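Close look at the chain arrangement
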Protein chains: 6
Amino acid sequence: MDHDSPTAAGTSAETREERFARGMEVLSRIDGESGRKVVDSLADISPELGNQVVSWAFGEIYQRPDLAPRDRQLVTLGMLTALGGCEPQLDVHINASLNVGLTPEEIVEALLHSAVYCGMPKALNATFVAKKVFGERGLLPVGGA
Amino acid sequence: MDHDSPTAAGTSAETREERFARGMEVLSRIDGESGRKVVDSLADISPELGNQVVSWAFGEIYQRPDLAPRDRQLVTLGMLTALGGCEPQLDVHINASLNVGLTPEEIVEALLHSAVYCGMPKALNATFVAKKVFGERGLLPVGGA
Amino acid sequence: MDHDSPTAAGTSAETREERFARGMEVLSRIDGESGRKVVDSLADISPELGNQVVSWAFGEIYQRPDLAPRDRQLVTLGMLTALGGCEPQLDVHINASLNVGLTPEEIVEALLHSAVYCGMPKALNATFVAKKVFGERGLLPVGGA
Amino acid sequence: MDHDSPTAAGTSAETREERFARGMEVLSRIDGESGRKVVDSLADISPELGNQVVSWAFGEIYQRPDLAPRDRQLVTLGMLTALGGCEPQLDVHINASLNVGLTPEEIVEALLHSAVYCGMPKALNATFVAKKVFGERGLLPVGGA
Amino acid sequence: MDHDSPTAAGTSAETREERFARGMEVLSRIDGESGRKVVDSLADISPELGNQVVSWAFGEIYQRPDLAPRDRQLVTLGMLTALGGCEPQLDVHINASLNVGLTPEEIVEALLHSAVYCGMPKALNATFVAKKVFGERGLLPVGGA
Amino acid sequence: MDHDSPTAAGTSAETREERFARGMEVLSRIDGESGRKVVDSLADISPELGNQVVSWAFGEIYQRPDLAPRDRQLVTLGMLTALGGCEPQLDVHINASLNVGLTPEEIVEALLHSAVYCGMPKALNATFVAKKVFGERGLLPVGGA
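Keep in mind it's a predicted model, so treat the numbers as computed, not measured.

Thresholds applied
Residues numbered from 1 in each chain as written. Chains lettered and ligands numbered in written order. Predicted model: local features only at pLDDT ≥ 70, side-chain atom pairs only at ≥ 80, totals over all residues. Heavy atoms only, no water. Helix = DSSP H or I, 4+ residues; strand = E, 2+ residues; numbered from the N terminus. Contact = heavy atoms within 4.5 Å. Buried area = accessible area lost by both parts, 1.4 Å probe. Salt bridge = Lys/Arg side-chain N within 4 Å of Asp/Glu carboxyl O. Polar contact = N/O pair within 3.5 Å; in protein donor to acceptor, adjacent residues only side chain to side chain. Nonpolar A, V, L, I, M, F, W, Y, C, P; charged D, E, K, R; others polar. Least-squares fit on C-alpha atoms with pLDDT ≥ 70 in both. Axes fitted to C-alpha atoms, helices over the stretch in contact; angles between N-to-C directions. Parallel < 35°, antiparallel > 145°, perpendicular 65-115°, else oblique. UniProt positions renumbered as here; feature names shortened; annotations may be inferred. Expected span 1.5 Å × (residues − 1). Buried < 20%, exposed > 50% of the residue type's maximum accessible area, 1.4 Å probe, protein only. Arc of directions from axis to C-beta.

1. Details of the environment of C:G138
- Here C:G138 is to be found in the segment after α7 (120–136).
- For C:G138 and C:E17, which are 121 residues apart along the polypeptide, the C-alpha to C-alpha distance reads 37 Å.

Here it is as structure tokens:
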């Protein structure tokens, strides 16, 4: 686990602009349009929060090679379901989960699994966000006709 | 996704004893000794809670083929970190994560990733549980000497 | 406390269908129409989550004789208020509380009591769900004219 | 529901001392020694927090006649289990639950019920506090030999 | 720190009406119209909860001289962001923060700071409430043109 | 609000080492020895989490001039109290609060204030951490003899 390898972030001097550009590339690949919209909507209220989402969350953490993108989304689905009240972020990350290769069946099963640890209400709330996202992407019914 | 297949649970008549036996087999394979200890320690206070952990959580949910065991642990690590105050369960499930094939590096990275969504305190609390578990299993320092 | 009595669940062999049927009977009695709607809305996204709500939550746990239905709703109101972000479930369970014999005054007092343990914001959020439900059922103002 | 009745608090002028005295009487009846110890331990750090626990939580809210003491404890058990990280308060309130007439079987069943709404980890954490309290009071095993 | 000083609450006998009047004065000064609306909307469902928000939260706690009003709002912003699911209360208290002298820049920075401790989703949810409130008060973009 | 000023971070190219050094300087000033101990204890399990606490939380966020250090701690006390289960971090940040100029009386009052929004259990848990920290620093009883 050598974080000083050329593929790791920040081993040589970087400007804020370079970190932002790298983060935006990662964010666009994973979250797609919905991630960029969140950042854009911060422009008039907290551009620095937008900058940190891009430069830190995606430019520093997401880009690390130690955990596969699909595995990061599995952890993220678990966290957002457990936190509660994070339906907008679940929307983004259920989309992201599809973008990085999780199947609809795996996502639904992860949310069923969450009932064991978070209880039924949070599992239901997250599953209804999945229903909305899958509907928008023409993926209902899950499992096909 | 055919849950009526022979490998799925409960398609034919089952007794409580049969469900418990199947669940205990799954629990033992994934959580190992620490899972069985939790169930045993419930015997004099709430044997039915022990029964439900085994028969329902493991006998019904965990045994489903729609999500790989290692993927279930990634979701579980995310949930337990986010919930907070679940250090005893994190201990069990960091052990379980190792048992089903996640590497120490992947577990540590999943907990680093959690800082983005849960904040630093919960990421730290979970990481210190990993330090305890890895120490008990001779896995420190992570990344080797 | 003999869980092997004929009225307890699962003492003899049962099929998935039998467990589901028992759970649906309990769910319908307690949650009424709003509970069935939740299960129906899961049909195209996660029928197994719907099955577990019915077969496990209601067919296994709710039907146990060790706690009266009204007492289960008191515990449930406390949990849903404390969890936060569970307004849809509070809607179902404030209805359920009325269905099993809690008075509007007791429900309102339980939510006032919750301010001591959960703080004012969560007590307020839950009370405004009660206002919606009571309004739909013609129960406002609480305490009468 | 007439809160201006002679049994309700605060209908005529009261001093802080009178409110504190009424609250301490209610707290002692419900929480017993463990409640008084919490208040005493606040004396050198935050006597006003101790005053508010006594005068407000018990002197104002708990003494209201609109919800029976045992019903208040059912709501409280649900909240403390759901909040997580409140093991010291669960200890006090599992004792209080016994003090106001809930049976060990009802308490254990309420915590089993909580698994449906809060998930297994929080149900387990609360149940192990019950095991500690019941052990101290000679109530194990629950259900008798 | 002498809570028996003439400016502290409750040193001599007070009626419920006097405590409510003092609380309403403090609430109006800090929360303004949005606070009064919350209390008014409780009139037909839980007037006692409205009474406790006014008489206790504002009449007892907020009026204490030991922490400046702006400092109370900084703590409150932190709590409401961390709790999650408290967007209606964040709306009231971002308004309150402006009312007691916090600048838009300080509020936005407090919410950026919250990302360190609560994670990005809760920081984002709170920041979008600030965007709504600032928009209503003509304070966008933050930092000016 | 000009984040391109010479005192702001990251306007010109920086190495990881430079960011870490700046963060460690800020962390040491605010959290003191207890903050450095947390980072040290991560060395064998997750040095990158230690790096992010230092370089990001302190080197990027804390060092921004838009919110005074004492104001950041007021927000932080509110968040850590509300999150629950963060007693180790409350210990660090009650120390930090004293280090940046909050008085013991202000800290105690902030935690009393938290009872309004988080409920009594979390206010009590946080206050008992303050009692521990103040005891270690010879600051009990609060308010003096």
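2. Regarding the interface of chain B and chain E
- On the side of chain E, seven residues touch chain B, which itself brings seven residues to the contact.
- Of the roughly 420 Å² buried where chain B meets chain E, counting both sides, 58% is carbon and sulfur surface.
- Three residues stand out in chain B for area buried against chain E, namely B:V116, B:Y117 and B:P121, and they jointly supply 60% of the buried area on that side.
- Applying the counting rule to chain B against chain E returns zero salt bridges.
- Our count for the chain B to chain E interface comes out at two residue pairs in polar contact (both at pLDDT 80 or more).
- Mapped by element, the contributors of at least two residues to the side of chain B that touches chain E are α6 (104–118) and α7 (120–136) of chain B.
- It is α6(B) that provides the largest number of residues to the side of chain B that touches chain E, a total of four residues.
- Taken together, the residues that form the side of chain B that touches chain E break down as six nonpolar, one polar and no charged.

3. Looking at the relation of the copies chain B and chain E
- Mapping chain B onto chain E leaves a residual RMSD of 0.0 Å; the transformation is a rotation of 180° accompanied by 0.0 Å of translation along its axis. Viewed as a symmetry operation, the transformation between the two copies matches a two-fold axis. For chain B, the minimum C-alpha distance to the rotation axis belongs to B:G119 and amounts to 1.9 Å.

4. Considerations on the packing of helix α1 (residues 16–30) of chain F against helix α3 (residues 47–62) of chain F
Residues and elements named next belong to chain F.
- Their axes nearest at 7 Å, the elements α1 and α3 cross at an angle of 75°. Taken together, the axes of α1 and α3 lie roughly perpendicular to each other. Counting all contacts with α1, which are made through R16, R19, F20, R22, G23, M24, V26, L27 and I30, the residues of α3 involved are E48, N51, V53, V54, S55, F58, G59, E60 and Y62.
- A breakdown of the residues in the contact of α1 with α3 according to their chemical character gives nine nonpolar, four polar and five charged.

5. Concerning the UniProt feature "domain: Carboxymuconolactone decarboxylase-like" (unreviewed entry) in chain A
- When the UniProt feature table is mapped onto this chain, "domain: Carboxymuconolactone decarboxylase-like" (unreviewed entry) is found at residues 47–131 of chain A.
- Annotation note: span residues 47–131 of chain A, helix share 84%, strand share 0%, distance between end C-alpha atoms 31 Å.

6. Overview of helix α1 (residues 16–31) of chain C
- In a regular helix each residue adds 1.5 Å, so 16 residues correspond to 22 Å; α1(C) covers 21 Å between its end C-alpha atoms and thus fits that length.
- Burial in α1(C) covers these residues: C:R16, C:R19, C:G23, C:V26, C:L27, C:I30 and C:D31. The buried residues of α1(C) occupy an angular sector of 105° when projected down its axis, which confines them to one face. Set apart from the buried face of α1(C) by more than 90 degrees, the exposed residues are C:E17 and C:R29.
- At its buried positions, α1(C) is contacted by α1 (16–30) and α3 (47–62) of chain B together with α2 (33–41), α3 (47–62), α4 (69–83) and α5 (87–99) of chain C.

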